[in-house]
Amino acid sequence: MPREFSRHQRLASEVLRTLSELLRFETKDPRLQRISLTAVDLSRDLSVARIYFSMLDPDEAPDEAVTGLERAAGFLRSRLGRSLQVRHCLLYTSPSPRD
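Caption draft 1: Summary view of the environment of Y52. Relative to the assigned elements, Y52 resides in strand β2 (residues 48–55). A relative accessible area of 19% places Y52 in the buried class. For Y52 and L16, which are 36 residues apart along the polypeptide, the C-alpha to C-alpha distance reads 9.6 Å.

Structure below.
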């Protein structure tokens, strides 16, 4: 019986959920308090994740949030790797494309 969701989809949703919780409860950087993670794209080998986010205030520029995410990348990678128990964990962030 085939599974309804592939491992790729399950891991992407788990990465999104875990990172959202880390940003909300464990980061203290005020630049990261006004963002919402919107999507995760994983590479085929599941070793690289591209994280998309949007600003809660649509008029605010995402530059400071990108800087905050880059500064917190090591912390987020280590906590995400520990939480998901994966060997490789690389994160890249970018603002969500606007339609």
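Caption draft 2: The arrangement of the pairing of strand β1 (residues 35–42) in detail. Where β1 meets β2, 7 bridges bridge the pair, whose relative direction is antiparallel. Across the sheet, I35 pairs through a bridge with M55, a residue of β2. Between β1 and β2, which pair antiparallel and follow one another directly, the connecting turn spans 5 residues, one of which, L46, has a positive phi of 65°.

Caption draft 3: Inspection of helix α2 (residues 63–84) at higher detail. A bend of about 55° at A72 is the largest found in α2. Every buried residue of α2 is accounted for by A65, V66, G68, L69, A72, A73, L76, L80, G81 and L84.

Caption draft 4: Representation of the packing of helix α1 (residues 7–25) against α2. Running from N to C, α1 and α2 point in directions that differ by 125°, and their axes come no closer than 10 Å. The angle between the axes of α1 and α2 places the two elements in the oblique class. Judged by the twist between their axes, the crossing of α1 over α2 is right-handed. Between α1 and α2, the contacting residues are L11, E14, V15, T18, L19, L22 and L23 on the first element and L69, L76, R79, L80, S83 and L84 on the second. Looking at side-chain class alone, the contact of α1 with α2 contains 9 nonpolar, 2 polar and 2 charged residues.

Caption draft 5: Up close: the pattern of salt bridges. Evaluated as defined, the whole model comprises 6 salt bridges. Across the pair E21 and R17 runs a salt bridge, and its minimum N-O distance is 2.9 Å. One end of the pair, E21, and the other, R17, are both in helix α1, 4 residues apart, so they sit about a helical turn from each other. Measuring nitrogen to oxygen at the nearest pair gives 3.1 Å for the salt bridge that ties E60 to R34. Residue E60 is found in the loop between β2 and α2, and its partner R34 is found in the loop between α1 and β1; the two are separated by 26 residues along the sequence.

Cut-offs used in this document
Residues numbered from 1 in each chain as written. Predicted model: local features only at pLDDT ≥ 70, side-chain atom pairs only at ≥ 80, totals over all residues. Heavy atoms only, no water. Helix = DSSP H or I, 4+ residues; strand = E, 2+ residues; numbered from the N terminus. Buried < 20%, exposed > 50% of the residue type's maximum accessible area, 1.4 Å probe, protein only. Pairing = 2+ DSSP bridges. Bend = angle between axes of the 7 residues up to and from the residue. Axes fitted to C-alpha atoms, helices over the stretch in contact; angles between N-to-C directions. Parallel < 35°, antiparallel > 145°, perpendicular 65-115°, else oblique. Left-handed = near helix turned anticlockwise from the far one by under 90°. Contact = heavy atoms within 4.5 Å. Nonpolar A, V, L, I, M, F, W, Y, C, P; charged D, E, K, R; others polar. Salt bridge = Lys/Arg side-chain N within 4 Å of Asp/Glu carboxyl O.

Keep in mind these values describe shape, not function.
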